[in-house]
Amino acid sequence: MSNQSFSLLFTYLIGLSAVLFTLGVIGVLARRNALIIFMSIELMLNAANLAFVAFARSFNHLDGQVFVFFVMVVAAAEVAVGLALIVTIFRTKKSTNVDDISALRG
C-alpha cells in the first residue's frame, strides 16, 4: 500500500477510532446497566487499539502493535473478572442496575 493511499485510510481510521471512543463514553455516562457500561468500556479500549495500530503503521514501528497486544491481554483479564463480579451481583440483587449496586455497602 502506498503512502498516499494510506494517508487517506489513516484519516478514516483515526476518525472511526474517535467515533467509537465517543460512543463508548456516551454509553458509560448515559446508561445504568452494568453490562452496557462494561461493553462501552470494551468499545473504548478497542477504539484506542485501532488508533494505536493506525499510528504504528503510519510511523512504520511495531511499538503500537505490541502495546495493542498487551492491552488485549489486560482486557481479557478484565472481562473474566468483570463478568464474574456482575454475575455475582446479579445473583444477590437480581438486578444489574448500577444504582442498586451502591446499596451493597456493609
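As the structure is a computational prediction, the values presented were derived from the model and not from experiment.

1. Here we look at the packing of helix α2 (residues 34–58) against helix α3 (residues 63–93)
- Closest axis-to-axis distance for the α2/α3 pair is 9 Å, and the angle between their directions is 175 degrees. Accordingly, the angle class assigned to the pair α2 and α3 is roughly antiparallel. Taking contact as the criterion, the partners of A34, L35, F38, I41, E42, L45, N49, F52, V53 and A56 in α2 are, on α3, G64, Q65, F67, V68, V71, M72, A75, E78, V79, G82, L83 and I86.
- Considered class by class, the residues forming the contact of α2 with α3 number 16 nonpolar, four polar and two charged.

2. As for the packing of aromatic side chains
- Tallied over the entire structure, the rule returns four aromatic pairs.
- Relative to F55, the ring of F10 has its centre 5.1 Å away and its plane inclined at 75 degrees; by these criteria the two rings are edge-to-face. Separated by 45 residues along the polypeptide, F10 in helix α1 (residues 3–30) and F55 in helix α2 bring together distant segments of the chain.
- Judged by relative accessible area, which is 18%, F10 ranks as buried.
- A centroid spacing of 6.3 Å and a plane angle of 15 degrees characterise the contact between F55 and F59, whose relative ring orientation is stacked.
- You can call F59 exposed: its relative accessible area is 55%.
- Three or more aromatic residues joined by ring pairs make a cluster, and in this case those are F10, F55 and F59.

3. Some words on unusual backbone geometry
- A positive phi angle, near 55 degrees, is found at N60, a position not held by glycine.
- What makes N60 exposed here is its relative accessible area of 61%.

4. Details of the confidence of the model for the protein
- Residues with a pLDDT of 70 or more make up 92% of the protein, whose mean pLDDT is 88.
- By mean pLDDT, the top-scoring element of the protein is α2 (93), and the lowest-scoring one is helix α4 (residues 98–101) (72).

5. What about a nonpolar patch on the surface?
- There is a patch of nonpolar side chains on the surface, built from L62, V66, F69, F70 and V73 and spanning about 520 Å² of accessible area.
- Inspection of the secondary structure assignment puts F70 in helix α3.
- For F70, a relative accessible area of 51% puts it in the exposed group.

6. A look at the environment of S40
- Locating S40 in the fold gives a position in helix α2.
- Placed 15 residues apart in sequence, S40 and V25 show a C-alpha to C-alpha distance of 6.9 Å.
- Setting aside anything within four residues of it in sequence, one finds S40 in contact with G24, G27 and V28.

Thresholds, definitions, all that
Residues numbered from 1 in each chain as written. Predicted model: local features only at pLDDT ≥ 70, side-chain atom pairs only at ≥ 80, totals over all residues. Heavy atoms only, no water. Axes fitted to C-alpha atoms, helices over the stretch in contact; angles between N-to-C directions. Helix = DSSP H or I, 4+ residues; strand = E, 2+ residues; numbered from the N terminus. Parallel < 35°, antiparallel > 145°, perpendicular 65-115°, else oblique. Contact = heavy atoms within 4.5 Å. Nonpolar A, V, L, I, M, F, W, Y, C, P; charged D, E, K, R; others polar. Phe/Tyr/Trp six-rings, centres within 6.5 Å; stacked < 30°, edge-to-face > 60°. Buried < 20%, exposed > 50% of the residue type's maximum accessible area, 1.4 Å probe, protein only. pLDDT = per-residue confidence, 0-100. Patch = residues over 30% accessible without salt bridge, like charges linked within 9 Å, V, L, I, M, F, W, Y side chains within 5 Å. Areas by Shrake-Rupley, 256 points an atom, 1.4 Å probe, with all protein chains shown as cover. Salt bridge = Lys/Arg side-chain N within 4 Å of Asp/Glu carboxyl O.

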